[in-house]
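# Summary of structural features
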Amino acid sequence: SRVLLCGLRLADGRELRVANAHLEAGPGAKNEAQRLSQLSSALKRLRTHAAWCEVVCGDFNSSMGEGSELREVLSEAGLARAPANGPTYAVPGYVDTLDHIWAGPALKPRAVSRSSAGEMRSIVTSGLPTPEHPSDHLPVAVVYTVEACRAPRFAVRAEVEVPVEVEEAVRVEWLAILHGAPLAAARAGKRSMRAQKQLEKSFLGTLHTDHAQRLRSWQSAATEAAKAPLAGGASPDHARMCYEMGGRMKNRSEKEGLPRQQHRRRSHRW
């Protein structure tokens, strides 16, 4: 049993996160409990970062009928199962649908793969694998319609103004320093946080006071921009800069227990 997690970025910047699962096999309550634990863990990891839409698919080793806890977990997560077209597993004396595709509401199923009636009768009779189907499971596939990108519910925010008064080489180096900061404060130790603060302070200390303040203001503006949904026209580089700069400032403020505004004022005094 294993789970593959991946993220796919659409041309408009939206991210689709996918979990391809192979859950524990076998009947009985113990194996079902193991499958439930594996699925819950996969969902938790899949949602480490927010995404536009999610897909959970693969070999669940369960028919996921009415009353299935696996089914309840995915339904409560806001996912819906694509229509099934016949069994996906067949051995002499046992036929079942064990492979499924679940997706979020932004994906609408249009077509589902299926075998011909004659081929399915042969598979049910002889079982899998066969020369045409070398696996003990039949593949499942769905064609989805992707929901159009909705217009932002809030006013479009202007892009963060770049402090052109500061030389480009200095700005690039400042961004590189911020890029190296611990992004998840909960996982960053105190030593690494102190080292990052000292690095930023030392770098700004080599600059003219006005330039140092402009870099800090640039960082603060990115933090504020990261709070609001970015408009569809915002460039990927702008979105990434807001996310990285804003996320690191937010995490450091939470780490130190400081209000966001107080943190910015203290930074300006460095």
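In case you missed it, the structure is sitting above this.
This report concerns the structure included in the present document. One numbering rule holds for all chains: residues counted from 1, following each sequence as written. Under the rules for a predicted model, residues below a pLDDT of 70 receive no local features and side-chain atom pairs below 80 are neither given nor counted, while totals for whole chains, interfaces and linings still include all residues. As a rule here, side-chain values come from all non-hydrogen atoms in the structure, and water together with hydrogens is ignored.

### Details of the packing of helix α4 (residues 168-179) against helix α5 (residues 190-205)
Every angle, taken between N-to-C directions, lies between 0 and 180 degrees, and every axis is a line fitted to C-alpha atoms, over only the stretch in contact when it is a helix. Helix and strand labels come from DSSP, where a helix needs a run of H or I of at least four residues and a strand needs a run of E of at least two; each type is numbered from the N terminus. Interhelical geometry of α4 versus α5 gives an angle of 170° and a closest axis separation of 10 Å. Here α5 runs roughly antiparallel to α4, going by the angle between their axes. Taken together, the residues of α5 that come into contact with α4 (itself represented by Val170, Glu173, Trp174, Ile177 and Leu178) are Gln196, Leu199, Glu200, Phe203 and Leu204. Classes in brief: Ala, Val, Leu, Ile, Met, Phe, Trp, Tyr, Cys and Pro nonpolar; Asp, Glu, Lys and Arg charged; the others, Gly included, polar. Its residues assigned to classes, the contact of α4 with α5 shows 7 nonpolar, 1 polar and 2 charged. When an angle is under 35 degrees it counts as roughly parallel; over 145 it counts as roughly antiparallel; between 65 and 115 it counts as roughly perpendicular; any other value is oblique. Here a residue-residue contact requires only that any non-hydrogen atoms of the pair lie within 4.5 Å.

### Regarding the pairing of strand β2 (residues 15-22)
Pairing analysis gives 8 bridges linking strand β1 (residues 2-9) to β2, with the strands arranged antiparallel. Pairing of arginine 2 across the sheet is with histidine 22, part of β2. Strand pairing follows a simple DSSP-based rule, namely that at least 2 bridges must link the two strands. In this structure, the hairpin formed by β1 and β2 is closed by a connection of 5 residues, where glycine 13 is found at a positive phi of approximately 100°. Where β2 meets strand β3 (residues 53-59), 7 bridges bridge the pair, whose relative direction is parallel. The residue of β3 that forms the bridge with histidine 22 is aspartate 59. When the strands point away from the viewer and the path from the first strand over the helix to the second turns clockwise, the crossover is right-handed. Note that the unit made of β2, helix α1 (residues 29-46) and β3 has a crossover that is right-handed.

### Side note on α4
Its 12 residues place the ends of α4 16 Å apart at the C-alpha level, agreeing with the 16 Å of an ideal helix rising 1.5 Å per residue. Only protein chains enter the calculation, and the probe is 1.4 Å; a residue is then buried if its accessible area is under 20% of its type maximum, exposed if over 50%, and partly exposed in between. Val170, Arg171, Trp174, Ile177 and Leu178 are the residues of α4 that are buried. Down the axis of α4, the buried side of the element spans an arc of 120°, and every buried residue falls inside it. The exposed residues of α4 that point more than 90 degrees off its buried face are Glu168, Ala169 and Val172. For a helix, the expected span equals 1.5 Å multiplied by the residue count minus one. Think of the arc as the fan of directions from the helix axis to the C-beta atoms.

### A look at the nonpolar core
We call a set of buried Ala, Val, Leu, Ile, Met, Phe, Trp, Tyr and Cys residues a nonpolar core when their side-chain atoms join them within 4.5 Å. Judged by nonpolar contacts, the single largest core of 15 residues is most densely connected at Leu39, Val56, Phe60 and Leu74. A per-element tally of this core places α1 first, with 4 residues. Residue contacts for leucine 39: discarding those within four places in its chain leaves Leu23, Val56, Phe60, Leu70, Val73 and Leu74.

### Considering the environment of cysteine 57
Within the secondary structure layout, cysteine 57 lies in strand β3. Overall, the relative accessible area of 14% leaves cysteine 57 in the buried class. Cysteine 57 sits 42 residues away from aspartate 99 along the chain, and the two C-alpha atoms are 7.5 Å apart.

### Some details on unusual backbone geometry
Most peptide bonds are trans, and most residues other than glycine sit at a negative phi. With an omega of 0°, the peptide bond between leucine 128 and proline 129 qualifies as cis. A positive phi angle, near 50°, is found at asparagine 61, a position not held by glycine. Relative to the elements of secondary structure, asparagine 61 occurs in the loop between β3 and α2 (69-76). Of the residues examined, asparagine 61 reaches a relative accessible area of 15% and is grouped as buried. Backbone geometry places methionine 64, a non-glycine residue, at a positive phi of 55°. Among the structural elements, methionine 64 can be located in the loop between β3 and α2.

### Some remarks on the side chain of arginine 17
Relative to the helices and strands, arginine 17 resides in strand β2. Residue arginine 17 is classed as buried on the basis of its relative accessible area, which comes to 15%. With residues near it in sequence (within four places) discarded, arginine 17 still touches Cys6, Gly7, Arg45, Leu46, Thr48, His49, Ala51, Cys53, Glu54 and Val55.

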